[in-house]
Amino acid sequence: MTHINKLKIFNDPIYGFISIPNELIYDLIQHPYFQRLRRISQMGMSYLVYPGANHTRFHHALGCMHLMQRAVETLRFKGVAISTEEENALLIAILLHDIGHGPFSHAMEKSIVEDVNHEAISLLFMNQLNDEFDGKLSLAIQVFKGDYHRKFMLQLISSQLDMDRMDYLKRDSFYTGVAEGNVNSERLIQMMNVVDDVLVIEEKGIYSVEKFLLSRRLMYWQAYLHKTSLVAELILMNVLKRAKELTLKGINLPCSEPLLYFMQNRVSLEDFDAEKLDLFSQLDDFDIISALKTWQKQEDFVLSTLSKMLINRDLLKIKLSAEKISAEESQSLKEKFANDHHITQLEAGYFIFRGKIKNQAYSKEAEPIRILKKDKTIEDVVEASDQLNLKSLSKLVTKYYICFPKQLI
């Protein structure tokens, strides 16, 4: 048998060359579960606003792994003992942290799969892979779940300043062209240290943390919660909801087998066995796009109209407001639309609906970002910072929206 060189490198537009450190990680990247991430967009429907935002979860996972390699290197240099097994666990956990995402990232979670979040599905995938790889992912799973005794390891994977956020802000900023999101991940990592098994940032890195939090806030308003991306994602959720409703009534809708299965069955977390996980692993953005193209021609007014909106980027109008939008306002729009198109008020509800979005760059309730001061004391970044804007960044901002067809203006 010919020997395959598994220590390959990827050329990444953001970090340059990313190296695969060992054969186990190479085999995980080669696994169909992971290769599927090439077919799942990182930013959902944002490409309808930012044409360059076509990058995938595959890109992002490799970027996170690269940053984790840098972080381990930095911490070891500062005298933090991290064994080869622990390093491997960190790299695997961050590489697989998003493996449970469904098509277009978040739309599936709220429409077709019953209240199952992607973190829970990621864990199911990791357990399945652990079986296939003879238990070699056990420590990674322990770290991912927060069951490992060294607390800083979970903080590197999931906290208010983790490798995941550092990569997606930098990457999404690059691919959208929203320069405000560009964070200096290299410097942030260089400033990391560990005290009493807790992750800290050295005091001279405080301005980089402030810039990171500000970038996060701006990226949420300019990219992730951009009103056009938001309305497109809401329409997609409604299309899938409607398709599921029709399917459960016995109407046959043309679509791929895995998608059909999740529309025909109510699948909760408890139902996810190996067979259903395998079906879920066959779902990606292409199933949804090809279904939308076909559903444009369906008899159902709601399904065909909403599908056309997404395919042709002729979306609903969305109005944002600082004040709550009254039920009366949406009700009168629903009545008018239902009368104009001879549909029920319930069906009109797919086109006219209200909701709210929240943005909080830094949460005081969650675990804080800790600053290690020169006198060796540790302070929450909000207290340590001389910037007043950090206080406002930890304020929760809520905006309300209403969506409705353009002809109702």
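Criteria and cut-off values
- Residue positions are given per chain, counting from 1 as you read along its sequence in written order.
- With pLDDT at 70 or above as the cut-off, local features in this predicted model cover only qualifying residues; side-chain atom pairs require 80 or more to be listed or tallied, and sums for whole chains, interfaces and linings still use all residues.
- The basis for every side-chain value is the complete set of heavy atoms in the structure, and neither hydrogens nor water enter the calculation.
- Being paired, for any two strands, means DSSP has found at least two bridges between them.
- Secondary structure is summarised from DSSP: a helix means a run of H or I of at least four residues, a strand means a run of E of at least two, and numbering begins at the N terminus for each.
- Here the axes come from fitting lines to C-alpha atoms, over the contacting stretch only for helices, and the angles between their N-to-C directions go from 0 to 180 degrees.
- Residue exposure (1.4 Å probe, protein chains only): buried if accessible area is under 20% of the type maximum, exposed if over 50%, otherwise partly exposed.
- Any two residues having at least one pair of non-hydrogen atoms within 4.5 Å are treated as being in contact.

Quick look at the sheet that holds strand 8 (residues 378-380) now. Across the sheet, four strands lie side by side as 3-4-7-8; this open sheet has mixed pairing. Both edges of this open sheet fall to strand 3 (192-195) and strand 8, since each of them pairs with a single strand only. On average, each strand axis in the sheet is inclined to that of its neighbour by 45°, with strand direction left out of account. Pairing geometry for strand 7 (residues 370-372) and strand 8, over three bridges, is antiparallel.

A few words on the pairing of strand 9 (residues 397-404). The element strand 9 is extensively covered by neighbouring structure, given that six of its eight residues are classed as buried. Bridge count for strand 5 (residues 317-321) against strand 9 is five bridges, and the pairing is antiparallel. Bridging from a neighbouring strand, Lys319 pairs with Ile402 of strand 9. Strand direction decides the pairing type here: strand 6 (residues 353-359) and strand 9, joined by seven bridges, are antiparallel. In the sheet register, Phe353 faces strand 9, and the bridge partner there is Cys403.

In sheet architecture, strand pairing relies on hydrogen bonds along the backbone and comes in two forms, parallel and antiparallel. In space, the three strands of this open sheet follow the order 5-9-6, with antiparallel pairing throughout. Lying at the two open borders of the sheet, with one neighbouring strand each, are strand 5 and strand 6. On average, each strand axis in the sheet is tilted by 25° relative to the strand beside it, whichever way the strands run. Set on the sheet, helix 16 (residues 327-341) makes contact with strand 5, strand 6 and strand 9; between it and strand 9 the angle comes to about 15°.

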